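Each chain, letter by letter, is given below.
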Amino acid sequence: MFTKLLVANRGEIALRVIRACRELGISSVAVYSDADATAPHVREADEAVNIGPAPAAQSYLLGDRILDAARRTGAEAIHPGYGFLSEREWFARAVRDAGLIWVGPPAEAIAAMGSKTAARTLAVAAGVPVVPGTTTALRDASEALEVAAEFGFPVLLKAAAGGGGKGMRVVRAAEELPAALASAQREALNAFGDDAVYVEKYIEGPRHVEIQILGDQHGTMLHLGERECSVQRRHQKMIEEAPSVAVTPELRARMGATAVAAARAAGYVNAGTCEFLLDRNGNYYFLEMNTRIQVEHPVTELVTGIDLVQWQIRIAAGDRLPFVQELIVPRGWAMECRITSEDFQNGFLPSTGVITSMHVPSGPGVRWDGGVEVGSDVGLFYDPMLAKLIVHAATRDAAIARMHRALLELEIEGVETSREFHLRMMEDAEFRRGDITIQWLEAKLPELSALLPPNEEVRVAVIAAALIAERDRSSVRAAPAAPLPVSTSAWHRAARIEGLRGA
Ligand code: MV4
């Protein structure tokens, strides 16, 4: 095992990796931008190196600066976290060429899965089910029309270099196809510098279910079951859970074997994730493979008891996976809410400011993977995700109740957060039934927002709460205030926001 590892990331995932290092007896090196000089990951690491100005393009995305920092501190390995340089083939190669250990898949596996058409070709060759469609870029609209005629409308145009939904167009009729193809190609060229677009049959109303993979350098490739990630908005996941209500043990075994086959075909090593669409009839289709640790990895850790980040590091150091596939069975139910600095009442507008007060939930079955603290300046340079609130309980119902309880305990002041949105989700009848698809949240949002008290009502509540508090404080004979009932009412919230906790 190596003795020093550099974490090429920030925020909660940098802290997550630093914690894994500490538990493994490895010392950690943080890198940070000027904006992050006092960030928690800098303080918690054993050493830290400044790598440039706040914009990621001038710091966290500069491979040379990061390699320099590793050289100067004598770090032997680099963990990229997610985002930033984690899926850049050239960086994985540069790390290896510098004689360092890359805590991630081989550069060749990143490349194999980076192009969506190449990944489809590879999947088809490995017998992995993919959505019917082409595996090469379309030459022109007439070729697209031929393919569409074969599978039937609606079809979906996708950028070969894509991911995350950019350059995608749903086409419901032949006459829409030429214009849709032209605009998808234009968007793909702008976003990826590559206008290659291919076509698939459009799957209506599916779930997004993904399978966690873990492979060592000695040929063992395991799957750790699924995560249900359908609750998303504009390709941003908001809630993830493990297992999925839609996956039986039998389906889990089949999807798992499929994911293992796809990973093997790519020469995969380390932690990775195969994304699938799961339709209403239980048919599943391989979409793409994420060649990194993912944001939502904790739900898998909680139901399998396997520490994914520790194993990423141990695999990179050459350790063998000691697990037996048949014994990896999900226990209980885990759920994650991504707590973001977004104002859901205003179209998820990013909210900025300094965190002035924070109370973090705890108690049975609660995990907080956070990247901020009181005093943190939440700006617009990086992702709006402040923390992940994760719970584990015996059943899905118990996990929802536990998440609801934990969200009630959570207080963050200074920026708007998604707390209220997540509370509403835990109270929603359809969500509680698990009756969700990838389109569900966006259709649900108007109804969710309408449930909130209008601003005017909140303002009145704030004034009333302030008056009550003032009366109780100034009254000499006032009995000690009775504790407030646990509630999510606008009045209670308004009083807390105004600092009237004792009221
Ligand atoms: C699809 C699809 C329906 N049919 N492919 C979105 C991003 C990229 N990873 C693939 N995506 C989709 N591909 C076919 N043939 C629907 C989506 C999709 C989606 C997939 C996963 C999670 C969220 C999504 C939101 C919208 C569309």
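Details of the structure are given in the entry above.
Residues numbered from 1 in each chain as written. Predicted model: local features only at pLDDT ≥ 70, side-chain atom pairs only at ≥ 80, totals over all residues. Heavy atoms only, no water.

Engineer: Help me out: how do you make sense of the packing of helix H13 (residues 419-427) against helix H15 (residues 440-450) in this one?
Structural biologist: The relative placement of two packed helices is expressed as an angle between their axes plus a distance between the axes. At their nearest, the axes of H13 and H15 sit 12 Å apart, and the two run at 100° to each other. Taken together, the axes of H13 and H15 lie roughly perpendicular to each other. On H15, the residues touching Phe421, Arg424 and Met425 of H13 are Trp440, Leu441, Leu445 and Leu448. (Axes fitted to C-alpha atoms, helices over the stretch in contact; angles between N-to-C directions. Helix = DSSP H or I, 4+ residues; strand = E, 2+ residues; numbered from the N terminus. Parallel < 35°, antiparallel > 145°, perpendicular 65-115°, else oblique. Contact = heavy atoms within 4.5 Å.)

Engineer: Is there a simple way to explain the site of the ligand in this structure?
Structural biologist: In the neighbourhood of the ligand, 17 residues make up the surrounding shell, with Lys158, Glu200, Lys201, Ile203 and Glu288 lying closest. Within the contact set of the ligand, a nitrogen atom lies 2.7 Å away from a backbone nitrogen or oxygen of Lys201. One nitrogen or oxygen atom from the side chain of Glu288 is found 3.0 Å from a nitrogen atom belonging to the ligand. For the ligand, whose unbound accessible area comes to 530 Å², protein coverage reaches 91%. Of all elements in the fold, only strand E6 (155-159), strand E8 (197-201), strand E14 (270-278) and strand E15 (284-290) reach the threshold of two or more residues within the shell around the ligand. Broken down by class, the residue content of the shell around the ligand amounts to 8 nonpolar, 4 polar and 5 charged. (Near = heavy atom within 4 Å. Polar contact = N/O pair within 3.5 Å; in protein donor to acceptor, adjacent residues only side chain to side chain. Areas by Shrake-Rupley, 256 points an atom, 1.4 Å probe, with all protein chains shown as cover. Nonpolar A, V, L, I, M, F, W, Y, C, P; charged D, E, K, R; others polar.)

Engineer: Explain the nonpolar core to me, please; I cannot follow it from the model alone.
Structural biologist: Most often, soluble globular proteins keep nonpolar side chains buried together rather than apart. By size, the foremost hydrophobic cluster in this structure holds 38 residues, and its most contacted members are Val231, Ile239, Phe421, Met425, Met426, Phe431 and Leu441. If you list the elements that add at least two residues to this core, you get strand E16 (333-340), strand E21 (366-370), strand E23 (385-393), helix H12 (396-409), H13 and H15. At 6 residues, H12 tops the list of elements feeding residues into this core. Apart from the residues within four sequence positions on either side, Met425 is in contact with Val231, Ile239, Phe431, Trp440, Leu441 and Leu448. (Core = buried A, V, L, I, M, F, W, Y, C linked by side-chain atoms within 4.5 Å. Buried < 20%, exposed > 50% of the residue type's maximum accessible area, 1.4 Å probe, protein only.)

Engineer: Hey, could you run me through the sheet that holds strand E5 (residues 101-102) in this one?
Structural biologist: Where strands meet in a sheet, backbone hydrogen bonds hold them as pairs that are either parallel or antiparallel. Read from one edge of the open sheet, 5 strands run E3-E2-E1-E4-E5, paired in parallel fashion. Lying at the two open borders of the sheet, with one neighbouring strand each, are strand E3 (47-52) and E5. Sheet topology note: the strand E1 (residues 4-7)/strand E4 (residues 77-79) ladder contains 3 bridges and is parallel. Paired with Leu5 across the strands is Ala77, a residue of E4. Contacting E1, strand E2 (27-33), E3 and E4, helix H3 (residues 63-73) crosses the sheet at an angle of about 150° to E3. (Pairing = 2+ DSSP bridges.)

Engineer: For this particular structure, what's the right way to read the pairing of strand E13 (residues 239-242)?
Structural biologist: Two faces make up the sheet, and in a regular strand the side chains alternate between them. Residues Ile239 and Glu241 line one face of E13 and the alternating positions Glu240 and Ala242 line the opposite face, and both faces are buried. Across 4 bridges, E13 lies against E16 in antiparallel orientation. Within E16, the position partnered with Ile239 by the bridge is Cys337.

Engineer: Explain helix H6 (residues 116-125) to me, please; I cannot follow it from the model alone.
Structural biologist: Every α-helix winds through 3.6 residues per turn, so residues three or four apart in the chain are directed the same way. Buried residues of H6: Lys116, Thr117, Ala119, Arg120, Leu122 and Ala123, and no others. Immediately downstream of H6, the backbone of Gly127 shows phi near 75°, a positive value.

Engineer: Can you help me understand the state of the cysteines in this one?
Structural biologist: By definition, a disulfide links the sulfur atoms of two cysteines through a covalent bond. In the structure shown here, the tally under the stated rule is 0 disulfides. Cys229 takes part in no disulfide bond, and the closest cysteine sulfur, belonging to Cys337, lies 13 Å away. With a relative accessible area of 0%, Cys229 lands in the buried category. (Disulfide = S-S within 2.5 Å.)

Engineer: Even after reading the chapter, I still don't get the side chain of Glu301, so can you show me in this structure?
Structural biologist: If you trace the backbone, Glu301 turns up in helix H10 (residues 297-304). What Glu301 contacts, discounting residues up to four positions off in sequence, is Arg16, Ile306, Asp307, Leu308, Val309 and Arg367.

Engineer: Could you clarify how one ought to interpret the pattern of salt bridges in this entry?
Structural biologist: Between side chains of opposite charge, a pair can form as their charged atoms come close. This structure, assessed with the given rule, holds 37 salt bridges. Residue Arg16 is joined to Glu301 by a salt bridge in which the shortest nitrogen-to-oxygen separation is 2.8 Å. With Arg16 in helix H1 (residues 11-24) and Glu301 in helix H10, the pair connects residues that are 285 residues apart, well separated along the chain. Here Arg16 matches Glu301 in class, with each residue buried. (Salt bridge = Lys/Arg side-chain N within 4 Å of Asp/Glu carboxyl O.)

Engineer: What should I look at first to understand the pairing of E23 in this one?
Structural biologist: With 8 of its 9 residues buried, E23 lies for the most part within the structure. Here E16 pairs with E23 via 8 bridges, running antiparallel. Considered in E23, the bridge of Ala334 is made with His392. Bridge analysis of E21 against E23 gives 5 bridges, and the strand direction is antiparallel. Paired with Asp369 across the bridge in E23 is Lys388.

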